[in-house]
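Descriptive structure summary
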Amino acid sequence: MEEALTKKVEIVVKGIPASPGIAIGPAFLFQKHAPTIFEKSIGEEETKREVERLEQAVARSQKELGKILEFAQQKLGDDTAKIFEAQLMILEDTVLFDSIYGRVRKELKNAEFVVEDEIGKYHRMMVASKDEYTRERANDVEDVRNRILRNLQEQKLISRLEGSSVIVSQNLTAADTLILSRNDVLAYATDIGGVTSHTALLARALKIPAVVGLRNISAIVHDADNIILDGYGGTVILNPSNETIKKYEAKRALYLEFEKKLAGLRELPAETLDGHRVELSANLEFEQELEFVHLQGADGIGLYRSEMLLIGKEVFPSEEEQFQQYKLIADTVYPKPVIIRTFDIGGDKFMAHPVKESNPFLGWRGIRVMLDRPELFLEQLRAILRASTRKNVSIMFPMVSNIKEVRNAKKLIEDAKRQLEAEHKPFDDKLKIGVMIEVPAAAVIAEDLAKEVSFLSIGTNDLIQYLIAVDRGNDVVADLYQEFHPAVIRFLRRIIERGQKSDVWVGMCGEMAGDPMATMLLLGLGLNEFSVVPNVLPEIKKIIRAVKYKEAKKLAKDVLALETEDEVKDYLRAVMKKKFPDIPIE
Ligand code: PEP
Ligand code: MG
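Residues numbered from 1 in each chain as written. Chains lettered and ligands numbered in written order. Predicted model: local features only at pLDDT ≥ 70, side-chain atom pairs only at ≥ 80, totals over all residues. Heavy atoms only, no water.

1. Concerning the overall build of the protein chain
Note the cut-off: Helix and strand labels come from DSSP, where a helix needs a run of H or I of at least four residues and a strand needs a run of E of at least two; each type is numbered from the N terminus. Atoms considered for the radius of gyration are the C-alpha atoms alone. The globule rule reads 2.2 Å times the number of residues to the power 0.38. Residue burial is assigned from relative accessible area. The probe radius is 1.4 Å, only protein chains are included, and a residue is buried under 20% of its type maximum, exposed over 50%, and partly exposed in between. Note on areas: Shrake-Rupley, 1.4 Å probe, and residue coverage restricted to the protein chains presented here. Neither His nor the chain termini are counted; the positive set is Lys and Arg, and the negative set is Asp and Glu. Working definition for charges: the position is that of NZ of Lys, CZ of Arg, CG of Asp or CD of Glu.
Scanning the protein chain for helices and strands turns up 23 helices and 16 strands. Relative to the globule expectation of 25 Å for 586 residues, the C-alpha radius of gyration of the protein chain, 26 Å, shows essentially globular dimensions. C-alpha atoms of the protein chain, sized along the principal axes, occupy 80 × 80 × 45 Å. Burial statistics for the protein chain: of 586 residues in total, 55% are counted as buried. In the form shown here, the protein chain has an accessible surface area of approximately 26,900 Å², with 53% of it arising from carbon and sulfur atoms. Of the charged side chains in the protein chain, 82 are positive and 93 negative, and the gap between their average positions amounts to 4 Å.

Take a look at the structure:
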């Protein structure tokens, strides 16, 4: 009876997998005390003292951040450490601090109140943004504000833990994540955050498993509760039973074994046993991921989603800003190639004030927007061309639905080239141009489009939603969004065959390219390039290197004859189980 009353129930919470690995251990609830700030009036004679107090708090914050930056540089390298440089830059922002000091003097208010109010304004704006990236960066601003406030109130920072633990928190700033990693951290679990959050980026760099976006995990976990965190599947299990623990220990052993086998793959080509070579590249959203992409052994970047520079912004970045960004990526990846996709804005990726449309996925999106704004398009094309001097850059157009769009876009590239020539600005005159095949109409005319360009890249994320008429983001019809629908597979065969008949290579940068269950099929259909999320790259390479092209072709032929998605999946699952029993698939 006693046992039954005290027995804790197992609770499973689903979140977003942010850094791979499985951890089992006690929770440590990391609670940050949001500073309580009161508005206080001060006398004029007190302003000097108040300003000094603020100056000291800012100086202490700079010193703390300087140390964190140094630690990050040593432990993670310059690229990842840039996060902390950005925070130091906020502390050095003279416009912001002139305004803060000015308000203390003029409004005769206490420093805490003015800091909270003034930095809080930026923070609130960023938090309210529709764009996930901007929302994530709001953490930096919040971190800087809280750091100053803590130093104003002369409080110490908690960063020491007893023993090893899974950190559970509502949110973790970049600095928290890093500072806590000096302890024996088994994993991180947070209520909020996406895959691009700093917790996620840093956890990956630190090789600590993490799951973010767990909604209310910090409210239901208590200190020292036993926890399992599965950074592959994005699950956290509270108070697991012995049976569950055993299951996850076995899963962890399986993965560790599997990862060991992947370790030696980085320098090896994605080539089948009978010598058929394909390109295995990575998709990239943010420059911070470049180091990881390199570590995973990518042949290059098959898709850089340049619109990430726009999301949530009021205005387009200038040509110069874009140029700096593209050049940084091209230089870092050099001598490997990078395909920069021109802005794919619209659909579900918006700037600060999106145009209201009743059906944005069928509306003003991708190349349609850019062709309607040739002055903005020209700026982007000039920036990409200017970043191409080392001859490792290609351009790709998204959401193409007819050949005229490609011809018009190519004309603009020619215009951009003539302008740059006149300005004596160098670029790669032979820069390659490609088209994404993600609208069924483009798939049907793939052979004609191929004559206009050097490569085609299949965007299955959109192609599937348009082909089957299922919104890719709608849970209600998620069952109908079928990667292995026979219509999808037959369509893919058509695109690949027609493209290659017109002498271009055909790649895929949609999520399907990174699904291990699809690898043999895509290989057998003749796909030339796979561009995948960096996490799965070694796994895909392992599969490619372990099969014969001949057998992949036979598999594709068999699968093309099947009539339902279930049949296709059963077939592929059976092959995987037999050939790759160590690869965890669903
Ligand atoms: C796609 O549609 O498959 C694709 C790669 O583009 P995005 O996911 O950015 O729409
Ligand atoms: Mg797309």
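After that view, the rundown keeps rolling.
2. A few points about the site of ligand 1
Applicable threshold: The criterion for a residue being near a molecule or strand is simple. One of its heavy atoms has to lie within 4 Å of it. Pairs of N or O atoms within 3.5 Å make up the polar contacts considered here, provided that, within protein, one atom can donate a hydrogen while the other can accept it, and that residues adjacent in sequence are counted only when both atoms are side-chain atoms. Using a 1 Å grid laid over the protein atoms alone, points where a 1.4 Å probe fits but cannot get out form a cavity; open sets with protein on both sides within 12 Å along at least 5 of 7 lines form a pocket; any residue with an atom within 4 Å of a point counts as lining. Cavities and pockets are treated as containing a molecule whenever more than half of the molecule's atoms lie within 2 Å of their grid points.
In the vicinity of ligand 1 lie 15 residues, with Arg305, Arg341, Lys349, Asn461 and Arg472 positioned nearest. With respect to ligand 1, the side chain of arginine 341 contributes an N or O atom lying 2.7 Å from an oxygen atom. Notes on ligand 1: free accessible area 290 Å², of which the protein chains cover 98%. Of the pockets mapped on this structure, ligand 1 occupies the largest cavity. It is helix α18 (residues 460-468) that contributes the most residues to the shell around ligand 1, 3 residues altogether.

3. Concerning the domain arrangement of the protein chain
Basically, it comes down to this: Note that domain bounds follow an automatic or database assignment of domains. Note on definitions: a residue-residue contact is assigned when non-hydrogen atoms from the two residues lie within 4.5 Å.
You can read the domains of the protein chain as domain 1 (2-32 + 158-259), domain 2 (44-152) and domain 3 (264-579). A C-alpha centroid distance of 39 Å is found between domain 2 and domain 3. Each partner contributes residues to the interface: domain 2 has 8 residues there, and domain 3 has 6 residues. Applying the counting rule to domain 2 against domain 3 returns 0 residue pairs in polar contact (both at pLDDT 80 or more). When residues of the side of domain 2 that touches domain 3 are traced back to their parent elements, those giving at least two are α3 (78-91) and α6 (132-152). Sort the elements by how many residues they give to the side of domain 2 that touches domain 3 and α3 lands first, with 3 residues.

4. Thoughts on the pattern of salt bridges
Operational definition: Salt bridges, as used here, are contacts in which a Lys or Arg side-chain nitrogen is within 4 Å of a carboxyl oxygen on Asp or Glu.
Across all of its chains, the model carries 40 salt bridges by this definition. Between arginine 150 and glutamate 64 there is a salt bridge, and its shortest N-O distance comes to 2.9 Å. With arginine 150 in helix α6 and glutamate 64 in helix α2 (residues 47-76), this pair connects stretches of sequence that are 86 residues apart. For arginine 150, a relative accessible area of 12% puts it in the buried group. Overall, the relative accessible area of 22% leaves glutamate 64 in the partly exposed class. Linked through salt bridges whose partners overlap, the residues forming this network are Glu307, Arg341, Asp344, Arg365, Asp462 and Arg472.

5. Quick notes on the coordination of the magnesium ion (ligand 2)
Here is the rule we go by: Shown as donors are all N, O and S atoms within 2.8 Å of a metal ion, widened to 3.2 Å for Na, K and Ca; because water is not in the atom set, sites may appear incomplete.
The coordination sphere of the magnesium ion (ligand 2) contains the protein donors Glu438 (OE) and Asp462 (OD), at a distance range of 2.0 to 2.1 Å. Note that glutamate 438 is positioned in the loop between β13 (432-437) and α16 (440-444) and aspartate 462 in helix α18, a separation of 24 residues in sequence. There is no split in this pair, since glutamate 438 and aspartate 462 are both buried.

6. Describing empty space enclosed by the protein
Definition in use: Grid points are joined across faces, edges and corners, and a volume is the space filled by probe spheres set on the points.
Across all of its chains, the model carries 1 cavity of 30 Å³ or more by this definition. Estimates place the volume of the largest cavity at around 80 Å³. Elements supplying a minimum of two residues to the lining of the largest cavity: β10 (301-305) and α18.

7. Focus: the sheet that holds β13
Rule in force here: In this analysis, strands are considered paired if DSSP registers two or more bridges between them. All axes here are fitted lines through C-alpha atoms, helices being fitted over the stretch that makes contact, and every angle between N-to-C directions spans 0 to 180 degrees.
Pairing in this closed barrel of 8 strands is parallel, and the strands run β9-β10-β11-β12-β13-β14-β15-β16 around the ring. Each adjacent strand pair in this sheet contributes to an overall mean axis angle of 25°, direction not counted. Where helix α19 (residues 486-501) meets the sheet, it contacts β13, β14 (455-458) and β15 (505-508), and its direction lies at approximately 150° from that of β15.

8. Some points on helix α20 (residues 516-524)
The buried fraction of α20 amounts to 9 of the 9 residues, a majority that puts the element mostly inside the structure. Listed in full, the buried residues belonging to α20 are Pro516, Met517, Ala518, Thr519, Met520, Leu521, Leu522, Leu523 and Gly524. Considering only its buried residues, α20 is in contact with α19, β15, β16 (529-532), α21 (537-546), α22 (549-560) and α23 (565-579). Of the residues trailing α20, glycine 526 is marked for its positive phi of about 100°.

9. Details of the nonpolar core
Going by this rule: Among buried residues, the Ala, Val, Leu, Ile, Met, Phe, Trp, Tyr and Cys ones that are joined through side-chain atoms within 4.5 Å form a nonpolar core.
Membership of the largest hydrophobic core comes to 106 residues, with the highest contact counts inside it found for Phe397 and Phe530. No other element matches helix α14 (residues 374-386), which puts 7 residues into this core. Among residues more than four places away in sequence, those in contact with phenylalanine 397 are Thr342, Ile367, Phe377, Leu381, Ala409, Ile413, Ile433, Gly434, Val435 and Met436. Within the second largest apolar cluster, 53 residues are counted, among which are Leu65, Ile90, Leu161 and Ile167.

10. A closer look at the sheet that holds strand β2 (residues 16-19)
Taken together, 8 strands build an open sheet; the order of strands is β1-β8-β7-β3-β4-β5-β6-β2 and the sheet is mixed. Of all the strands in the sheet, the pair left with one neighbour each is β1 (11-14) and β2. For this sheet the average axis-to-axis angle between neighbouring strands, irrespective of direction, equals 30°. Relative to strand β8 (residues 235-238), strand β7 (residues 226-230) runs antiparallel, the two sharing 4 bridges. Note on β8: the bridge partner recorded for leucine 229 is valine 236.

11. Regarding unusual backbone geometry
Peptide bonds are trans in most cases, and residues, glycine excluded, mostly fall at negative phi. Here tyrosine 334 and proline 335 are connected by a cis peptide whose omega angle stands at 5°. Topologically, proline 335 is positioned in the loop between α12 (319-333) and β11 (338-341). Even without being glycine, leucine 108 reaches a positive phi, approximately 55°. Within the fold, leucine 108 resides in the loop between α4 (94-107) and α5 (111-127).

12. Observations regarding the pairing of strand β12 (residues 393-397)
The test is simple: Crossovers are described as right-handed under a simple rule: with the strands pointing away from the observer, the path leading from the first strand over the helix to the second runs clockwise.
The buried fraction of β12 amounts to 5 of the 5 residues, a majority that puts the element mostly inside the structure. A two-sided burial pattern is seen for β12, the buried positions comprising Val393, Ile395 and Phe397 on one face and Ser394 and Met396 on the other. Bridging between β11 and β12 involves 4 bridges; their strand directions are parallel. When the sheet's bridge partners are listed, isoleucine 340 is paired in β12 with isoleucine 395. Following the chain from β12 across helix α15 (residues 403-422) to the adjacent parallel β13, one finds a crossover that is right-handed.

13. Considerations on the packing of aromatic side chains
Put simply, the rule reads: We call Phe, Tyr and Trp rings a pair once their centres come within 6.5 Å, taking the six-membered ring for Trp, and we label the pair stacked below 30 degrees between planes, edge-to-face above 60, and tilted otherwise. A ring has a charge above it when a Lys NZ or an Arg CZ is no more than 6 Å from the ring centre and no more than 35 degrees off the ring normal.
Per the counting criterion, the structure on display carries 6 aromatic pairs. Their ring planes at 75° and their centres at 6.3 Å tell us that tyrosine 304 and tyrosine 326 sit as a pair that is edge-to-face. Taken as a pair, tyrosine 304 in strand β10 and tyrosine 326 in helix α12 lie far apart in primary sequence, 22 residues in all. Of the two residues, tyrosine 304 and tyrosine 326, both sit in the buried class. For the pair phenylalanine 316 and phenylalanine 343, a centre-to-centre distance of 5.6 Å together with 70° between the ring planes defines the contact as edge-to-face. You can see phenylalanine 316 sitting in the loop between β10 and α12 and its partner phenylalanine 343 sitting in the loop between β11 and α13 (367-372), a full 27 residues away along the chain. The aromatic ring of phenylalanine 71 is capped on one face by arginine 182, whose charged end is 5.4 Å from the ring centroid.

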